[in-house]
Amino acid sequence: MPDLTAFAQSNTAARIRGAASRGALAHALIFSGAQERADAARYAAAAFECVSEGDRPCLTCAHCRKVMAGIHPDVQYVRDPEHKELSAEVVRAARSDAFIRPNEGERKVYIFEDCAVLNERDQNIMLKTIEDGPPYCAFIFCAENSAALLQTIRSRCIELKLGASGADAEAEDEARERAEAFCRLLAEGNAASRASFLVKLENAKPKREELGAFFESARLMLADALLALYGAADAQADAALASALSRRLGKAKLTGMLDLLDEYRRSCRYNVGVGVTLGGFAAECEDILAK
């Protein structure tokens, strides 16, 4: 049984406890950051199931103890050990199960412990259930970077960012800055400048994790542009950049670039060569933009 004593002293735990004790814990949560995602997910699941009249989770009632032991019948980890990504069948099974009332607790809780294996198809399968599912359902998503989730999913969740080390925060900022620079070049429409940028990125010799973070961040910014195209811009997005991208690229090119960035983001989970990866990305990017 995991010991959540240390996590229970964190600011994130205090936020969960306060909301749950008021009956105001959001039904869909994202835990993002480099640390403690598994602890946070288990703690939140216990909060959903806890029957204490005081602070929730109490970590001592029968429901909390079952969650801690990983045996609560209403807390499900959505996993697919047979595949590198969650299969559509596994996700559809979770969606169908959500419409069956809880066995013992007040809630049915679905934990997606690694959103890197949750592809766009699977997220779209779950979207309607997250948005308008039964009132007794709760969903917990764990991701090092919330950009692994579609904007349509993120907009229906409350994100709680877990403490990251200084190095992790610096790496996230660098990925975001690189992505913003690349997206501004997309909005300007200068092919030579884009090529020069990618050459400089290759010469910087980023690790594949850093390259994956760049693709994720760029994809998020283009997703904001697509939303802007339909008049549904994210309030937290860079409105000027989103508008410029939507005007320059339009729906077809935005969609093509989103798919391309998603493909290359996923490729960075494996042992890929940065030079070959960026070369392939550059060529396919220009193919899309030339159409």
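Please refer to the structure higher up on the page.
Here goes a summary of the coordinates provided. (Residues numbered from 1 in each chain as written. Predicted model: local features only at pLDDT ≥ 70, side-chain atom pairs only at ≥ 80, totals over all residues. Heavy atoms only, no water.)

## A short note on the pairing of strand β3 (residues 108-112)
Next up, step 1: With respect to burial, β3 is a largely interior element, five of its five residues being buried.
Next up, step 2: Relative to β3, strand β2 (residues 75-77) runs parallel, the two being bridged by three bridges. Residue pairing across strands places Tyr-77 opposite Ile-111, the latter belonging to β3.
Next up, step 3: For the handedness criterion, the β-α-β arrangement of β2, helix α5 (residues 88-97) and β3 is classed as right-handed.
Next up, step 4: The sheet contact formed by β3 and strand β4 (residues 137-143) spans five bridges and is parallel. In the sheet register, Val-109 faces β4, and the bridge partner there is Ala-138.
Next up, step 5: Regarding topology, helix α6 (residues 120-132) serves as the crossover connection from β3 to the parallel β4, and that connection is right-handed. (Buried < 20%, exposed > 50% of the residue type's maximum accessible area, 1.4 Å probe, protein only. Helix = DSSP H or I, 4+ residues; strand = E, 2+ residues; numbered from the N terminus. Pairing = 2+ DSSP bridges. Right-handed = clockwise from strand over helix to strand, strands pointing away.)

## Observations concerning the side chain of Gln-123
Next up, step 1: The topology assignment puts Gln-123 in helix α6.
Next up, step 2: According to the relative accessible area criterion, Gln-123 is buried, its value standing at 2%.
Next up, step 3: Engagement of the side chain of Gln-123 in a polar contact is seen with the backbone oxygen of Ala-148, the distance being 3.2 Å.
Next up, step 4: Excluding residues within four positions of it along the chain, Gln-123 makes contact with Leu-118, Ala-148, Leu-149, Leu-150 and Ile-153. (Polar contact = N/O pair within 3.5 Å; in protein donor to acceptor, adjacent residues only side chain to side chain. Contact = heavy atoms within 4.5 Å.)

## Some remarks on the packing of aromatic side chains
Next up, step 1: On inspection of all chains with the given rule, the structure shows 11 aromatic pairs.
Next up, step 2: Relative to Phe-214, the ring of Phe-197 has its centre 6.1 Å away and its plane inclined at 40 degrees; by these criteria the two rings are tilted. With Phe-197 in helix α9 (residues 191-203) and Phe-214 in helix α10 (residues 208-229), this pair connects stretches of sequence that are 17 residues apart.
Next up, step 3: Residue class for Phe-214 comes out buried when judged on its relative accessible area of 1%.
Next up, step 4: Members of the aromatic cluster, joined through ring pairs, are Phe-182, Phe-197, Phe-214, Phe-215, Tyr-264 and Phe-281. (Phe/Tyr/Trp six-rings, centres within 6.5 Å; stacked < 30°, edge-to-face > 60°.)

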